[in-house]
Amino acid sequence: HTLYSLDNNTGPSSPSRSLPTLTLDSGLFFDREIKQGKYTQTLEPRLFYTYTPFEDQSDLPVFDTALTNFSESNQLFLENRFTGKDRIADTNQLTFALNSRLQDRENGKELFKASIGQVINFADRKVTLPGGTILTGKRSDLVLELTGRLSDNFLLASTASLNNEDKSISSYDLLLNYQDEKKRIANISFRKLNTELEQISFSGSLPINDKWSMVGSLDQDIKNDRNLEALAGIEYQDCCWKTRLVVKRYLTSDNINYETPIFLEFELKGLGNIGTSASRQIKEKIYGYDDF
């Protein structure tokens, strides 16, 4: 349920919306030992169904909502194809996915992962953003994902979306991740989204000592020679508490102006957080990061 209180609005001053969503998630897990019991190979089929009825939401404003980019395997299992809460998508779809993993039985590390998945739509998707069009396709792009560990410290991951009509690659991304026992993290990635975006990204985390560490990330649009987003932060932790300060600068939806929010967070270990979620901002931008 969402209720707005609006000033200087051409429509209703207090529009509201209530919508139910039904999801059913099921899966199976098979595994076997290979190479004389040195490795475990898994096979994991999964079915995910979600349903949300249609409701006209054209009288609702759009403050922080956008359409998600269908370019990663986790997009297959979203209940709402929009970010934010200004639009709740009408949905009647079934996702089929298949994962296979290879794990080292001695230390439990995942050495290799392969995934494939696709969404089947049973109805047109009528809810849109202003200026958008109704989506009519019955099948989504086919999403493929491969992740492999090159060594104890290096991991290579790739994702590609294949167009359902002509089988061409509509988008893909490549990621090289480094992580060691000293909790140092470094990432470099490249993403191409249709003809719209060619992006290179750098991110990482560097401990200074046992208590202080630095984090940072940079997303650069190399096609249009502009910065999309930059993040810098510092963390401090002691035995019982920790704090994070993060500064973020990102290009707004008008593709002209930038905003620079600041996130400050305090955490009492085991009890909870106070303040804006700086840790969430870091986890979204730095692959492999965890709040140790």
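Structure shown above.
Residues numbered from 1 in each chain as written. Predicted model: local features only at pLDDT ≥ 70, side-chain atom pairs only at ≥ 80, totals over all residues. Heavy atoms only, no water.

Draft legend 1. The arrangement of the pattern of salt bridges in detail. Taken as a whole, this structure holds 16 salt bridges when the rule is applied. Aspartate 180 is paired through a salt bridge with arginine 184; the nearest N and O atoms lie 2.7 Å apart. Take aspartate 180: its relative accessible area is 11%, and that puts it in the buried class. Arginine 184 sits in the partly exposed class, given a relative accessible area of 34%. We note a salt bridge from glutamate 267 to arginine 244, for which the minimum N-O separation is 3.6 Å. Within this pair, whereas glutamate 267 is found in strand β17 (residues 262-268), its partner arginine 244 is found in strand β15 (residues 241-251), the two being separated by 23 residues in sequence. Summarising the burial analysis for this pair, glutamate 267 and arginine 244 share the class buried. A single salt-bridge network, built from bridges that share partners, covers Asp219, Glu229, Lys248 and Lys285. (Salt bridge = Lys/Arg side-chain N within 4 Å of Asp/Glu carboxyl O. Buried < 20%, exposed > 50% of the residue type's maximum accessible area, 1.4 Å probe, protein only. Helix = DSSP H or I, 4+ residues; strand = E, 2+ residues; numbered from the N terminus.)

Draft legend 2. Structural context of the packing of aromatic side chains. All told, the structure shown has six aromatic pairs when counted by the stated rule. Taking the centre distance of 5.8 Å and the plane angle of 80° together, the rings of phenylalanine 48 and phenylalanine 77 count as edge-to-face. Of this pair, phenylalanine 48 sits in strand β5 (residues 39-52) while phenylalanine 77 sits in the loop between β5 and β6 (91-104); the two residues are 29 residues apart in sequence, bridging distant segments of the chain. With a relative accessible area of 6%, phenylalanine 48 lands in the buried category. (Phe/Tyr/Trp six-rings, centres within 6.5 Å; stacked < 30°, edge-to-face > 60°.)

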